[in-house]
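Listed below, chain by chain, are the residues.
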Amino acid sequence: FSTLTICALSGMGGVGKTTLATEFAHKYSQFYQFVYWMDGSSKREFMASCISLLNVLGIRIPEEKEDNEEHYFSNIIRLINTFLPRHKKNWLLVVDNIEESEFATEFAPAGGHVLYTSRNRDWLKKLEIDVFKPNESVAYLLQMIGFDESHRDEAMALAIELDHLPLALAQAAA
């Protein structure tokens, strides 16, 4: 990969964005030299993940200046953008649960893929993840629980109660 490809899985909580990103990372890991999971739940967590990534890459991190956190954050991002492509080829970074797409705009290392999961729907390249359709909810529950079609009404009642959220259905089926 010589360019950067960014995609965001967006949708409301509980629809399975993180599960889908995890499955993607596992299923396609053989195509990547390097796969790294990052926490995007807040700017502070994203920064901590960026610093951790630099440590994994063996990159010396400058000391933080108390007076200018934004400048420090920009320097950390610049280091990743510069050194990740030099140290790793064909990489995947998964940034989970990022809500503020604006603090990720500087984050653009070339040579790999960034997959974001987010409840924020304001992404340019996104795959919208939604709840199951009613028939999908019922089929999922019947299959996971091991019931036949005679339990269709009970499965539908449970699916409706759980708003057809894939994560809630998976937990109920367990």
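Placed above this text is the structure.
Keep in mind the model is a prediction, meaning the values are calculated, not measured.

Conventions used here
- Residues numbered from 1 in each chain as written.
- Predicted model: local features only at pLDDT ≥ 70, side-chain atom pairs only at ≥ 80, totals over all residues.
- Heavy atoms only, no water.
- Axes fitted to C-alpha atoms, helices over the stretch in contact; angles between N-to-C directions.
- Helix = DSSP H or I, 4+ residues; strand = E, 2+ residues; numbered from the N terminus.
- Left-handed = near helix turned anticlockwise from the far one by under 90°.
- Contact = heavy atoms within 4.5 Å.
- Nonpolar A, V, L, I, M, F, W, Y, C, P; charged D, E, K, R; others polar.
- Salt bridge = Lys/Arg side-chain N within 4 Å of Asp/Glu carboxyl O.
- Buried < 20%, exposed > 50% of the residue type's maximum accessible area, 1.4 Å probe, protein only.
- Polar contact = N/O pair within 3.5 Å; in protein donor to acceptor, adjacent residues only side chain to side chain.

Caption draft 1: Just the packing of helix α4 (residues 134-145) against helix α5 (residues 152-161), in detail. α5 packs onto α4 with a crossing angle of 115° between their chain directions and a minimal axis gap of 9 Å. Both α4 and α5 take part in a crossing whose hand is right-handed. Taking contact as the criterion, the partners of Pro134, Ser137, Val138, Leu141 and Leu142 in α4 are, on α5, Arg152, Ala155, Met156, Leu158 and Ala159. Taken together, the residues that form the contact of α4 with α5 break down as 8 nonpolar, 1 polar and 1 charged.

Caption draft 2: Structural context of the pattern of salt bridges. Counted under the stated rule, the structure contains 3 salt bridges. Among the salt bridges present, the one from Glu69 reaches Arg44, with a minimum N-O distance of 3.8 Å. With Glu69 in helix α3 (residues 69-87) and Arg44 in helix α2 (residues 43-57), the pair connects residues that are 25 residues apart, well separated along the chain. Taking the relative accessible area as the measure of exposure, Glu69 reaches 39% and is therefore partly exposed. A relative accessible area of 60% places Arg44 in the exposed class.

Caption draft 3: Up close: the environment of Phe83. Of note, Phe83 is situated in helix α3. Among the residues examined, Phe83 registers a relative accessible area of 24% and is labelled partly exposed. Distance from Phe83 to Leu54, taken between C-alpha atoms, is 8.5 Å for residues 29 residues apart in sequence.

Caption draft 4: Examining the side chain of Ser137 more closely. In this structure, Ser137 sits in helix α4. The exposure class of Ser137 is buried, given its relative accessible area of 0%. At 2.7 Å, the side chain of Ser137 and the side chain of His164 are in polar contact. If we ignore the near neighbours within four places in the chain, the residues touching Ser137 are Phe132, Ala159, His164 and Leu169.

Distances and angles like these do not, on their own, reveal function.
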